Amino acid sequence: MTNPDLTESAVLDLVRSIPDPELARPLGQLKMAPAATVRPDGTVEVDIVLPTPAYPGRERITEAIARKLTTRFPGIPQPVVKFSHFVQGKNTGGAIGLTVKNVVAVGSGKGGVGKSTIAASLALGLKHFGAKVGLMDADVYGPSVPHLLGAHGEPAMLERTAPDGQVYHRIQPVEADGLKLMSIGFMVKPDQAVIWRGPMLHKLLTQFLQQTDWGELDYLIIDLPPGTGDVSLTLSQLLGLSGAVVVCTPQQVALLDAVKAISMFRQVKIPVLGIVENMSGDIFGRGGAKKKAEELGLPFLGEVPIEADVRIKGDDGQMAALFAEGSPARPHLLNVCERIAIQIAKSLLESPQMPTLEIL
Ligand SMILES: Nc1ncnc2c1ncn2[C@@H]1O[C@H](COP(=O)(O)OP(=O)(O)OP(=O)(O)O)[C@@H](O)[C@H]1O
Ligand SMILES: [Mg+2]
């Protein structure tokens, strides 16, 4: 005899009151619990829609739902929780014709700390979880994306005609490892020096964003060049980024540069999602970035150890292999992707007003 109080609406009320373990708001408020089914034998099935496929709290949600329902309805079979995802985003690219939910820049204050490695890993990792992802190389002086992903070939230019008869061009991104890629490296030979003056740089980046057939993407990751804020300024003028990820190594000097990068992002009104520590380990030490993030009141987005395999796979254009089962870097890289995806989802809940950092 099933409990007459065990109705779908009673189940939903209970489930919707449970706080999401990552976003710390009730599942109902987050619109993450759209439906529940109660079968005649008392079996309960709950649908949960996650805000990102790179969501690390599935088991915690399942346990919390089971606890809540079995406490309220003793004797029911273990509830079945079914997960799907619908990526939330700022969707700010409309004005320039982009159908991308989240645009995320990866930068640093210092060169050579692993921005491109982290940007490529973030793109590959989010795709690994099931998101639709593009990766744009905004480093026009030292493009790395084609090399890291072993991607070759020139992007095709397609001629299209607008309804008013005007002919325009669309650039087809290069596809590799399930990612859509765009880089100046596909268009100039590696030994060809290119001098970009400010306005040309602005125009090129605008074209990469606007004229590339990115299609519908959950995340577009942008690998920033080292140093100045020119590219970041251009990007922030074109669209509202979901945020920037700051990469730094654990030494003090790199951390000081990271603080400068954070200040630069704030100047150009790009929210900072947090700090990733790359190359953690014996040579550089460990934990410096986490401490700095805490000091600055910014989220710490995980660490990637210094590992020969990361450099070798990058050199060989085999970054995707870092995500293979058994790869030592894999759990670290996936953790960084999850933390960034959650931070993006969190930032969407918070007010668009950016907090000012007195420290900077
Ligand atoms: N976790 C890591 N372990 C070992 N080597 C790494 C790691 N991360 C990056 N590297 C290596 O460090 C070098 C610099 O990395 P990368 O090109 O990603 O840095 P960057 O910050 O993008 O540099 P630039 O400022 O020139 O754009 C590369 O050879 C890369 O393979
Ligand atoms: Mg780089």
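As the structure is a computational prediction, the values presented were derived from the model and not from experiment.

What counts, and where the lines are drawn
- Residues numbered from 1 in each chain as written.
- Chains lettered and ligands numbered in written order.
- Predicted model: local features only at pLDDT ≥ 70, side-chain atom pairs only at ≥ 80, totals over all residues.
- Heavy atoms only, no water.
- Pairing = 2+ DSSP bridges.
- Helix = DSSP H or I, 4+ residues; strand = E, 2+ residues; numbered from the N terminus.
- Axes fitted to C-alpha atoms, helices over the stretch in contact; angles between N-to-C directions.
- Contact = heavy atoms within 4.5 Å.
- Buried < 20%, exposed > 50% of the residue type's maximum accessible area, 1.4 Å probe, protein only.
- Near = heavy atom within 4 Å.
- Polar contact = N/O pair within 3.5 Å; in protein donor to acceptor, adjacent residues only side chain to side chain.
- Areas by Shrake-Rupley, 256 points an atom, 1.4 Å probe, with all protein chains shown as cover.
- Nonpolar A, V, L, I, M, F, W, Y, C, P; charged D, E, K, R; others polar.

1. Observations concerning the sheet that holds strand β13 (residues 300-305)
With mixed pairing, the eight strands of this open sheet are ordered in space as β8-β9-β5-β10-β4-β11-β12-β13. One side of each edge strand has no neighbouring strand; the edge strands of this open sheet are β8 (174-176) and β13. Averaged over neighbouring strand pairs, the angle between their axes works out to 25 degrees when direction is ignored. Across the sheet, helix α3 (residues 115-129) lies against β4 (99-107), β5 (133-137), β9 (179-182), β10 (216-223), β11 (243-248), β12 (272-280) and β13, angled at about 165 degrees from β10, the strand it touches most. Along the sheet face, helix α10 (residues 330-349) touches β4, β10, β11, β12 and β13 and points at about 165 degrees away from the line of β13.

2. Structural notes on the environment of Lys-189
Checked against the element boundaries, Lys-189 lands in the loop between β9 and α5 (198-210). Of the residues examined, Lys-189 reaches a relative accessible area of 59% and is grouped as exposed. Lys-189 sits 91 residues away from Ser-280 along the chain, and the two C-alpha atoms are 34 Å apart.

3. Quick look at the site of ligand 1
Residues in contact with ligand 1 amount to 17 residues; listed here are only the nearest, Gly-112, Lys-115, Ser-116, Thr-117 and Asn-278. Taking Lys-115, its side chain carries an N or O atom lying 2.8 Å from an oxygen atom of ligand 1. Within the contact set of ligand 1, an oxygen atom lies 2.5 Å away from a side-chain nitrogen or oxygen of Thr-117. Protein contacts shield 79% of the accessible area of ligand 1, which totals 630 Å² for the unbound molecule. For the shell around ligand 1, the secondary-structure elements that each account for two or more residues are α3, β12, β13 and α9 (308-315). Broken down by element, the residue count for the shell around ligand 1 peaks at three residues, all from α3. Of the residues belonging to the shell around ligand 1, the class tally is seven nonpolar, six polar and four charged.

4. A few points about the sheet that holds strand β3 (residues 80-85)
Whenever strands of a sheet pair, they do so through backbone hydrogen bonds, lying parallel or antiparallel. With mixed pairing, three strands are arranged side by side in an open sheet as β1-β2-β3. The open sheet is flanked by β1 (35-38) and β3, the only strands paired with a single partner. Across the sheet, the mean angle from the axis of one strand to that of its neighbour is 20 degrees, orientation sign disregarded. Bridging between β1 and strand β2 (residues 44-50) involves four bridges; their strand directions are antiparallel. Within β2, the residue paired with Thr-37 across the bridge is Glu-45. In this fold helix α1 (residues 8-16) packs onto β1 and β2, with an angle of close to 135 degrees to the strand it touches most, β1.

Scope: geometric values only; no functional claims are made or implied.
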